[in-house]
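# Architecture and fold: a report
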Amino acid sequence: MYNTITLKFSLLLFAICASCTLALSQEYWQQEANYKMEIDFDVETNQFTGKQKIKYHNNSPDRLNKVFYHLYFNAFKPNSMMDWNSRTIQDPDGRVGDRIYYLTKEEQGYQKVLSLKQNGNDCIFNIEGTILEVILDKPLEPGDKATFEMEFEAQVPLQIRRSGRDNAEGIRYSMSQWYPKLCEYDRLGWSANPYVGREFHGVWGDFEVEITIDGEYIVAATGVQKSNNKYAKSSEDKRTWKYHAENVHDFVWAADPDYTYIEHKTDEGVELQFFYQSSKDTDENWQKLPEIMDAAIGFMNKRYGQYPYPVYKFIQGGDGGMEYPMATLITGKRSLGSLVGVSVHEWMHSWYQMVLATNEALYPWMDEGFTSFGTTETMNFLRTEGLLGEVTPNENPFESAYAGYIGHTMSNTDEPLSTHADHYVTNRAYGIASYTKGQVFLKQLEYVVGKKDFDEILLTYYDQWKFKHPTDVDFIRVAEKVSGLELDWYREYWVNTTHKIDYAVFLANQDAEKKRAIIFLAKQEKMPMPLDIEVIYADGTKELFNIPLAIMRGNKSYDYQSSRTTIVKDWPWTNPAYSLDIFTNGKEVISVEVDPSMRMADINRGNNFWRKTDDDTGEESFK
Ligand SMILES: [Zn+2]
């Protein structure tokens, strides 16, 4: 029976529970995993054995009965999920295609778990492709710590994607995603994604890694070298390289007998290390790189927050460019512009991924998009400083990003940024969403909140979320607090939908006697935006108006226009049209433009202008 009293009581209970959940979900926590690994490597067979000890802290409010590990190398076998995905997607990555399907036994990759113990007791485990599922010997209660000890063996695959041996430029070992890596459990649950091609997420912690390999190999890795080995060939049969890294969520290494080594201490006190194979095509560019990267970090530290690690390594390896903590693997046979471009991009990931460690699978645009934004700005800085030779700085360096996004969204094959990185229908849609639309997200936010607040948002975001796992909501909350504006609508439209922006303008009426003009504006697409309107008068003077959106509950503060801005009445997003009634002081309006700074991703700029033509009387009215 259900009477009024129990109803009231259960409503009360519901209210209490709802507020508990809210309080809990707002309290940030993250897991911690500290790794010790010893690796014995055989360069004849491309196989290695490993001993791994992980000290794991369950800082979550949940009891854990299981943990998961990634075994990435298992993707490089015929009929793996990555193989199927690559052979069936509309537009396969040219580096992968059907190559996994044709790998021979010696070319395939694998990771085999020989034993796994929790606090000395054997655990039951099961491997399914690239995911190892472990039933814990004893559940981990909130606050519990455990030690996981694993013995494993592995074979390095011929390089297909990112990791592997013998890359296209002849680097012997590009060792990323090479060890059994504990999956992250965070506020959004387990991220035990099978490896089908991209995107990573890891547990914060420290790494101590010892790699024993043939003496002639030079090993470059995440962290600080503790073994005092020279970065040169040795005549020893085998030698051990010890590396230590603190407060990271992954560990990469590369090895080759022919690495040339350069080191450079930046003005900022960071040790930059460069590892590349010497050749007449590459030497000159690699030798110029240290000085240019030194200039880059000066700009990046000021703009995005201080680089927090003692060292960073640019290592020739991989299959393009890929970011890791304190290091990148990049292909090295490039023009100077391309070498600098990839170096800046991958290093920029130290801010947007290695330190602000968003879950890349869920928010690839916060990792690739924010990094691309920083790359565009930093490259423009280097151009302006004359560090890239005789190239003229671009007046609007974001122009191509806007054009790329608009071209793609007009094709109507775009997918929302909220799509999981593995689940886009095409690689192209993933690429443009993550790199391009993600980049425009930030530049356009600058337009919405104004340059002064935007600059502060970047630094505050870094300060508040470094060494954590921020989400898109965490970012937008920082932006809201700094700017004092409501910005949830911006995130929801830009991230969760593929709605477009299009505004149109014309001068509806001007009346010299009354000294007024009426500007008519129309919202032609779904996504609403605040508008900057520039009016030019016949005497050459200009005036800027800002129309805030009513849902912003305010307007942007200082932006970078030199002319004075007049804030006019809000535009409710529901209304398809708006008329802007301005006082002209009797001056004739000869031109009106929506968004003169070109930071709004308007899909049709053709209707953003009104210009006086000879047959204009300036007296026409609109219907
Ligand atoms: Zn990137």
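For the structure itself, consult the block above.
Just so it is clear, the model here is predicted, and its values are computed rather than measured.

Surrounding the zinc ion are the protein donor atoms His-345 (NE2), His-349 (NE2) and Glu-368 (OE), at 2.0 to 2.1 Å. Counting gaps between the donor residues of the zinc ion yields the pattern H-x3-H-x18-E. Of the two residues, His-349 sits in the loop between α4 (336–348) and α5 (350–355) while Glu-368 sits in helix α6 (residues 364–384), which places them 19 residues apart along the sequence. Residue His-349 is classed as buried on the basis of its relative accessible area, which comes to 0%.

What follows concerns the environment of Tyr-307. Locating Tyr-307 in the fold gives a position in the loop between α3 (283–304) and β21 (311–316). In the structure, Tyr-307 is positioned 120 residues away from Arg-187 in sequence and 26 Å away in space, judged by C-alpha atoms.

Time to look at the sheet that holds strand β11 (residues 181–182). Here we have four strands laid out as an open sheet, ordered β6-β7-β3-β11, and antiparallel in their pairing. Each edge of the open sheet carries a strand with a single partner, namely β6 (124–128) and β11. Relative to strand β7 (residues 131–140), strand β3 (residues 64–70) runs antiparallel, the two sharing six bridges. If you follow Tyr-69 over to β7, its bridge partner there is Leu-132.

Summed over all chains, the structure comprises 61 aromatic pairs. Ring geometry for Tyr-261 versus Phe-275: centroids 5.0 Å apart, planes at 40°, classification tilted. Remark: Phe-275 occurs in strand β20 (residues 271–277) and Tyr-261 occurs in strand β19 (residues 259–265); sequence separation between them is 14 residues. On the basis of relative accessibility, which here comes to 22%, the residue Tyr-261 falls in the partly exposed class. When the centroid spacing of 6.2 Å and the interplanar angle of 75° are considered together, the rings of Phe-299 and Tyr-304 count as edge-to-face. Residue class for Tyr-304 comes out buried when judged on its relative accessible area of 0%. Lying across the ring of Trp-465, Lys-468 places its NZ or CZ 5.5 Å from the centre.

Strand order in this open sheet of five strands is β19-β20-β21-β23-β22, and the pairing throughout is mixed. Only two strands of the sheet have a single neighbouring strand rather than two, namely β19 and β22 (321–324). Between one strand axis and the next, the sheet turns by 15° as a mean value, whatever way the strands run. Taken together, the four bridges between β22 and strand β23 (residues 327–330) define a ladder with antiparallel strand orientation. Each bridged residue has a counterpart across the sheet, and for Glu-323 the counterpart in β23 is Thr-328. Along the sheet, α3 makes contact with β19, β20, β21 and β23, crossing β20 at roughly 165°.

Another point: the environment of Leu-521. As for its position among the elements, Leu-521 is in strand β25 (residues 516–523). The exposure class of Leu-521 is buried, given its relative accessible area of 0%. Considered as a pair, Leu-521 and Val-495 are 26 residues apart in the sequence and their alpha carbons are 26 Å apart. Excluding its chain neighbours within four sequence positions, the residues that come into contact with Leu-521 are Ala-504, Val-505, Leu-531, Ile-533, Ile-547, Trp-571, Pro-576, Ala-577, Tyr-578, Leu-580 and Val-594.

Below, the discussion takes up the side chain of Lys-523. When you line up the elements, Lys-523 lands in strand β25. In this structure Lys-523 is buried but unpaired, with Glu-525 as the nearest side chain of opposite charge at 8.9 Å. For Lys-523, the side chain forms a polar contact with the main-chain oxygen of Trp-573, separated by 3.1 Å. Among all residues touching Lys-523, those that are not within four sequence positions of it are Asp-502, Tyr-503, Pro-528, Trp-571, Trp-573, Asn-575 and Pro-576.

Here we come to the pairing of strand β17 (residues 238–248). As paired elements, strand β14 (residues 205–214) and β17 share nine bridges and run antiparallel to each other. In the sheet register, Phe-207 faces β17, and the bridge partner there is Ala-245. Here two bridges tie strand β16 (residues 224–225) to β17, and the two strands are oriented antiparallel to one another. Looking at β17, one finds that Val-224 is bridged to His-244.

For the structure shown, the criterion picks out four cavities of 30 Å³ or more. Reported here for the largest cavity is a volume of approximately 100 Å³. Taken together, 14 residues form the lining of the largest cavity, with His-70, Tyr-72, Asn-193, Glu-199 and Phe-200 sitting closest to its centre. Each residue belonging to the lining of the largest cavity can be placed in one class, and the counts come to five nonpolar, six polar and three charged. In this model, the second largest cavity occupies a volume close to 70 Å³. As for the second largest cavity, its lining consists of 14 residues, of which Phe-200, His-249, Asp-250, Met-354 and Glu-360 are closest to the centre. Put simply, the parts of the chain that give the lining of the second largest cavity at least two residues each are β22 and α5.

What follows deals with the state of the cysteines. Considering all chains together, one arrives at zero disulfides under this definition. Its sulfur unpaired, Cys-123 is 15 Å from the next cysteine sulfur, which belongs to Cys-183. For Cys-183, a relative accessible area of 0% corresponds to the buried category.

Rules behind the numbers
- Residues numbered from 1 in each chain as written.
- Predicted model: local features only at pLDDT ≥ 70, side-chain atom pairs only at ≥ 80, totals over all residues.
- Heavy atoms only, no water.
- Donors = N, O, S within 2.8 Å, 3.2 Å for Na, K, Ca; no water.
- Helix = DSSP H or I, 4+ residues; strand = E, 2+ residues; numbered from the N terminus.
- Buried < 20%, exposed > 50% of the residue type's maximum accessible area, 1.4 Å probe, protein only.
- Pairing = 2+ DSSP bridges.
- Phe/Tyr/Trp six-rings, centres within 6.5 Å; stacked < 30°, edge-to-face > 60°.
- Lys NZ or Arg CZ within 6 Å of the ring centre and 35° of its normal.
- Axes fitted to C-alpha atoms, helices over the stretch in contact; angles between N-to-C directions.
- Contact = heavy atoms within 4.5 Å.
- Lys, Arg positive; Asp, Glu negative; His and termini not counted.
- Salt bridge = Lys/Arg side-chain N within 4 Å of Asp/Glu carboxyl O.
- Polar contact = N/O pair within 3.5 Å; in protein donor to acceptor, adjacent residues only side chain to side chain.
- 1 Å grid on protein atoms, 1.4 Å probe; cavity = no way out; pocket = protein on both sides within 12 Å on 5 of 7 lines; lining within 4 Å.
- Points joined across faces, edges and corners; volume = space filled by probe spheres on them.
- Nonpolar A, V, L, I, M, F, W, Y, C, P; charged D, E, K, R; others polar.
- Disulfide = S-S within 2.5 Å.

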